[in-house]
Each structure stands twice: as C-alpha cells, then as structure tokens.
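Residue-level listing of the chains:
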Amino acid sequence: ITAMYLSVPSSGIKNISSSTQNTYSGCLDNNTLLLFGGFEYNMSYEVVMYNIIGMKVFSDEFTAYSNSRSFDISRQIYPGIYIVSIKQKNDPSFQEVIKVIKQ
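Residues numbered from 1 in each chain as written. Predicted model: local features only at pLDDT ≥ 70, side-chain atom pairs only at ≥ 80, totals over all residues. Heavy atoms only, no water.

K.L.:
Describe a nonpolar patch on the surface, listing the residues and the values that go with them.
P.N.:
Residues I52, I53, M55, I81 and I101 make up a contiguous nonpolar surface patch of roughly 510 Å² in combined accessible area. Tracing the chain through its elements places I52 in the loop between β3 (44–51) and β4 (56–63). (Patch = residues over 30% accessible without salt bridge, like charges linked within 9 Å, V, L, I, M, F, W, Y side chains within 5 Å. Areas by Shrake-Rupley, 256 points an atom, 1.4 Å probe, with all protein chains shown as cover. Salt bridge = Lys/Arg side-chain N within 4 Å of Asp/Glu carboxyl O. Helix = DSSP H or I, 4+ residues; strand = E, 2+ residues; numbered from the N terminus.)

K.L.:
Mind laying out the side chain of K102, listing which residues take part and the relevant values?
P.N.:
The residue K102 is located in strand β7 (residues 95–102) in this model. Here K102 sits buried without a salt bridge, and the closest side chain of opposite charge, D29, lies 7.7 Å off (N-O distance). A distance of 2.9 Å separates a polar side-chain atom of K102 from the backbone oxygen of N30. Setting aside residues up to four positions removed in sequence, K102 forms contacts with L28, N30, N31, Q76, I77, Y78, P79, G80 and Y82. (Buried < 20%, exposed > 50% of the residue type's maximum accessible area, 1.4 Å probe, protein only. Lys, Arg positive; Asp, Glu negative; His and termini not counted. Polar contact = N/O pair within 3.5 Å; in protein donor to acceptor, adjacent residues only side chain to side chain. Contact = heavy atoms within 4.5 Å.)

K.L.:
Tell me about the environment of K89, and name the residues and values.
P.N.:
As for its position among the elements, K89 is in the loop between β6 (80–88) and β7. Taking the C-alpha atoms as reference points, K89 and E46, 43 residues apart in sequence, are found 6.5 Å from one another. In this structure, K89 is in contact with S44, Y45, E46 and E61, ignoring residues within four places of it in sequence. Within the structure, K89 has its side chain in polar contact with the side chain of E61 (distance 3.0 Å).

Nothing here speaks to function; it is all geometry.
Written out as structure tokens, the structure reads:
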C-alpha cells in the first residue's frame, strides 16, 4: 500500500479563532438578495453569489451607508442553496462567506 500526503504551506491558511462570529447574514426573496451585517460606513465591498456547484450567479460592488443592502439579481433564481462571498475592497484580508437558501 502506498500512501501520499498533501503538504500545505502554513502561510496560505487563515487562522480563525473560535470566538470569531459571523456578523453577516442574508436571504433570497424572489430575485432580490438581501444582506445584513457589520458593513463599515463608506467602505467599498464586492459581493459574489455562487450556486451550490460553484457557478457564479451574481456579482456587484457597493459602498456601505447602512448595515443592510439589497441587490436586484435581474434573473430567475431557482430554489436551492447559494454561497455569498463578501469582500472589502480596501482590505484584501477581509472576506466573509455566508450561506443563503431560497425556498
């Protein structure tokens, strides 16, 4: 029996403390993505939504002026599970990933 091991450099792994809480949430209502969270006032963000098989369904950029934001996706969104990536444009180390479900 031959065993192979994958070596991953530690510099590529982001440490996440157990006290870190996800401060973002979202939901899909018809063809609208609603995001809620700790958006910093006047900061630029990029939002990308993927379906469960990893295909990009939607992307947009915005400047935060409140703790919530709605996006018109402008296409049919089918029921299912979607993954939303929220990145702060000025801080490449900031990224939140949340799961949203359309029923």
